Amino acid sequence: DGGITQSPKYLFRKEGQNVTLSCEQNLNHDAMYWYRQDPGQGLRLIYYSQIVNDFQKGDIAEGYSVSREKKESFPLTVTSAQKNPTAFYLCASSLYRGRTGELFFGEGSRLTVL
Amino acid sequence: DAKTTQPTSMDCAEGRAANLPCNHSTISGNEYVYWYRQIHSQGPQYIIHGLKNNETNEMASLIITEDRKSSTLILPHATLRDTAVYYCIVKGRDDKIIFGKGTRLHILP
C-alpha cells in the first residue's frame, strides 16, 4: 500500500547524542516536510524539501539537519545542539510542488531524551 | 507565523452540525484554504480544501466568504469520532506550510 512510513515510532536517547528519524514515502511525491509537536501545541515546521538535493529551513530549524538524496526519503537528524528535543515528530509529503496539494502524514516518531 | 486564526476550543452535541470558523484576513488571491484534523497522537488527516467556491466531500463542507477573509468547516452530523483538533491552513504556491494551534473540538454525547 502507498503511504508514508516513519521509524522508529518511539525512541529514547541520552543527552548529547545525535539521533536520526527516518521518513520514507512511496507516493512519488515531490515535497516532503518535518514538523515538531509539543504537548497541547500545534505543529511547527522544522525543514521542508521541494525537490531532491534541495531543502529549506522552517521556523525552528536550529539543532536539526536533513538530507534529500532520494525522492522517497527525507531523514531528520536531531543533533546535540537541539536544547529541548523531547517531542512528537511528524513527517509529511505533498504531490504537487508549487501548486495545490494535500499533505499526507506519517504516524509520527516520539522522541524522549533521558 | 500562521496566517489563520481559530478559536481554541469548541463543543458540539453528538448528531448536530459542527461549525468551525477560521479567519484568514491576509489571504492573497492565489492561496487556498485547507482543513486538517488530528486525532490524539496520530498524524493530521486531510479533510477538504477550496479557493473561493464552497466545497463539499464525504467528510465535510467548506464555506468561504465572498471576500475570502474567513471560512467555516461544517461537519454535518458530528459523532464522537469527530473529537479532534482541527487546523485551518492557508497555502499558496510556496510549499512552506505553516500550522497554527487549531481548534480542539469536543463532541458531547
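Parameters and conventions
- Residues numbered from 1 in each chain as written.
- Chains lettered and ligands numbered in written order.
- Predicted model: local features only at pLDDT ≥ 70, side-chain atom pairs only at ≥ 80, totals over all residues.
- Heavy atoms only, no water.
- Disulfide = S-S within 2.5 Å.
- Helix = DSSP H or I, 4+ residues; strand = E, 2+ residues; numbered from the N terminus.
- Buried < 20%, exposed > 50% of the residue type's maximum accessible area, 1.4 Å probe, protein only.

**Q** Just checking my understanding: could you explain the state of the cysteines for this structure?
**A** In a disulfide, the sulfur atoms of two cysteines are held together by a covalent bond. Under the counting rule described, the total for this entry stands at 2 disulfides over all chains. Disulfide pairing is shown between A:Cys23 and A:Cys91; the S-S distance is 1.9 Å. Between A:Cys23 and A:Cys91, the S-S torsion sits near -75 degrees, and that sign places the bridge as left-handed. With a gap of 68 residues between them, A:Cys23 in strand β3 (residues 19–25) and A:Cys91 in strand β9 (residues 87–94) connect regions that are remote in the sequence. A relative accessible area of 0% means that A:Cys23 is categorised as buried. Paired through a disulfide, B:Cys22 and B:Cys88 show a sulfur-sulfur distance of 2.1 Å. Because the sign of the S-S torsion sets the handedness, a value of about -85 degrees for the bond joining B:Cys22 and B:Cys88 places this disulfide among the left-handed ones. With a gap of 66 residues between them, B:Cys22 in strand β2 (residues 18–23) and B:Cys88 in strand β8 (residues 84–91) connect regions that are remote in the sequence. In this structure, B:Cys22 and B:Cys88 share a single accessibility class: buried.

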